[in-house]
Amino acid sequence: MINCLNVSLQEMRDSGNEQIKTEAISICDKVGIKSELKIKRTIKRKVISGENSSGEDISADQFLTLEYYKVLDNMMAQMKWRFEQLSNIADDFQFHSAHSLSVTPVEKLKKYAADLAIKYNEDIDQEIINEIKFFKYQVKAILPDLNATALNISNAIKKYELDSTCPNLMTAYRLFLTMPVTVASGERSFSKLKLTKTYLRSTKTD
């Protein structure tokens with residue numbers, strides 16, 4: 001899905017901003033917002049020490065085009081990074097869905113679990129290898145729906161009180177579900193924290 005979105009953004013970039021601008025003007029006209037752009041804007045160029053500050057006058061259309069490509073390039077870079085990070089995490093947590101638990105051979109699951117225990121050795125120990133072998137044969141009974149997600153599996157482990165039997169497996173699912181790259185709420189929290197921290201800094205008094 002993320003990869004498809006990146007392709008769509010690239011197509012938007014390649015096709016230019018004329019259609020987007022036309023649609024934006026049409027929407028402005030419908031809701032009664034002025035769509036006229038200023039004739040000129042001044043872009044300040046960064047200068048090195050010893051140079052005089054200078055600016056470059058550009059037309060409104062040029063400025064709009066520059067901002068359009070800047071926003072798209074930033075979005076594409078962010079989406080590419082997220083896609084890569086999600087792919088890496090999916091490789092680490094190969095058993096994150098009920099389907100993968102059901103169809104993956106036991107030996108492969110044990111290898112995935114062992115690799116995960118090595119990578120996250122402060123949170124998960126090698127006992128997860130035995131736990132995942134045990135849980136593989138339980139998942140069909142407690143989760144007949146093979147489309148069950150990691151959250152469904154985590155809730156099922158808690159519901160059937162298997163967290164005491166499979167503590168490392170439960171920890172693995174918690175790690176997967178709380179990584180910022182897999183859930184947007186984590187990133188939103190840090191964004192708000194940054195805003196609060198900046199505000200407190202700017203209003204701090206002796």
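The structure presented is a predicted model; accordingly, all values stated were derived computationally and were not measured.

Conventions we followed
Residues numbered from 1 in each chain as written. Predicted model: local features only at pLDDT ≥ 70, side-chain atom pairs only at ≥ 80, totals over all residues. Heavy atoms only, no water. Axes fitted to C-alpha atoms, helices over the stretch in contact; angles between N-to-C directions. Helix = DSSP H or I, 4+ residues; strand = E, 2+ residues; numbered from the N terminus. Left-handed = near helix turned anticlockwise from the far one by under 90°. Contact = heavy atoms within 4.5 Å. Nonpolar A, V, L, I, M, F, W, Y, C, P; charged D, E, K, R; others polar. Parallel < 35°, antiparallel > 145°, perpendicular 65-115°, else oblique. Buried < 20%, exposed > 50% of the residue type's maximum accessible area, 1.4 Å probe, protein only. Polar contact = N/O pair within 3.5 Å; in protein donor to acceptor, adjacent residues only side chain to side chain. Patch = residues over 30% accessible without salt bridge, like charges linked within 9 Å, V, L, I, M, F, W, Y side chains within 5 Å. Areas by Shrake-Rupley, 256 points an atom, 1.4 Å probe, with all protein chains shown as cover. Salt bridge = Lys/Arg side-chain N within 4 Å of Asp/Glu carboxyl O.

Draft legend 1. Main features of the packing of helix H7 (residues 150–159) against helix H8 (residues 167–178). Remark: H7 packs on H8, axes separated minimally by 10 Å, with the N-to-C direction vectors making an angle of 145 degrees. Regarding H7 and H8, the two cross each other, and that crossing is left-handed. For the pair H7 and H8, contact is made by Ala150, Leu151, Ile153, Ser154, Ile157 and Lys158 and by Met170, Tyr173, Arg174, Phe176 and Leu177, respectively. Residue composition of the contact of H7 with H8, grouped by class: 8 nonpolar, 1 polar and 2 charged.

Draft legend 2. Structural view of the packing of helix H6 (residues 128–142) against H8. The interhelical angle for the contact between H6 and H8, taken along N-to-C directions, is 90 degrees, at an axis separation of 8 Å. Judged on the interaxial angle alone, H8 and H6 are roughly perpendicular. Where H6 approaches H8, its residues Ile128, Glu131, Ile132 and Phe135 are matched on the opposing element by Pro167, Asn168, Leu169 and Ala172. Tallied by class, the residues present in the contact of H6 with H8 amount to 6 nonpolar, 1 polar and 1 charged.

Draft legend 3. Examining the environment of asparagine 147 more closely. Tracing the backbone shows asparagine 147 in the loop between H6 and H7. The spatial distance from the C-alpha of asparagine 147 to the C-alpha of serine 97 is 7.2 Å, given a sequence separation of 50 residues.

Draft legend 4. Inspection of the side chain of lysine 21 at higher detail. One can find lysine 21 in helix H2 (residues 18–31). Taking relative accessible area as the criterion, lysine 21 reaches 18% and is therefore assigned buried. The contacts of lysine 21, once residues within four sequence positions are left out, are Asp61 and Leu64.

Draft legend 5. Quick peek at the side chain of serine 102. In this structure, serine 102 sits in helix H4 (residues 98–103). Owing to a relative accessible area of 14%, serine 102 belongs among the buried residues under this scheme. Within polar-contact distance, the side chain of serine 102 engages the backbone oxygen of alanine 98 at 2.9 Å. Setting aside residues up to four positions removed in sequence, serine 102 forms contacts with Lys136, Val139, Lys140 and Leu146.

Draft legend 6. Representation of a nonpolar patch on the surface within the structure. Together, Ile27, Val31 and Ile33 give the surface a local cluster of nonpolar side chains, amounting to about 300 Å² of exposed area. Tracing the backbone through its elements, the reader meets isoleucine 27 in helix H2. Relative accessible area serves as the criterion here: at 52%, isoleucine 27 is assigned to the exposed category.

Draft legend 7. Spotlight on the pattern of salt bridges. A complete count under the given rule lists 7 salt bridges for this structure. A salt bridge links arginine 13 to aspartate 73; the nearest nitrogen and oxygen atoms lie 2.5 Å apart. Of this pair, arginine 13 sits in helix H1 (residues 2–15) while aspartate 73 sits in helix H3 (residues 60–92), placing them 60 residues apart in sequence. We note a salt bridge from lysine 111 to aspartate 115, for which the minimum N-O separation is 3.0 Å. Within this pair, lysine 111 and its partner aspartate 115 are both found in helix H5 (residues 106–119), separated by 4 residues, close to a single helical turn. Assessed through its relative accessible area of 39%, aspartate 115 is described here as partly exposed.

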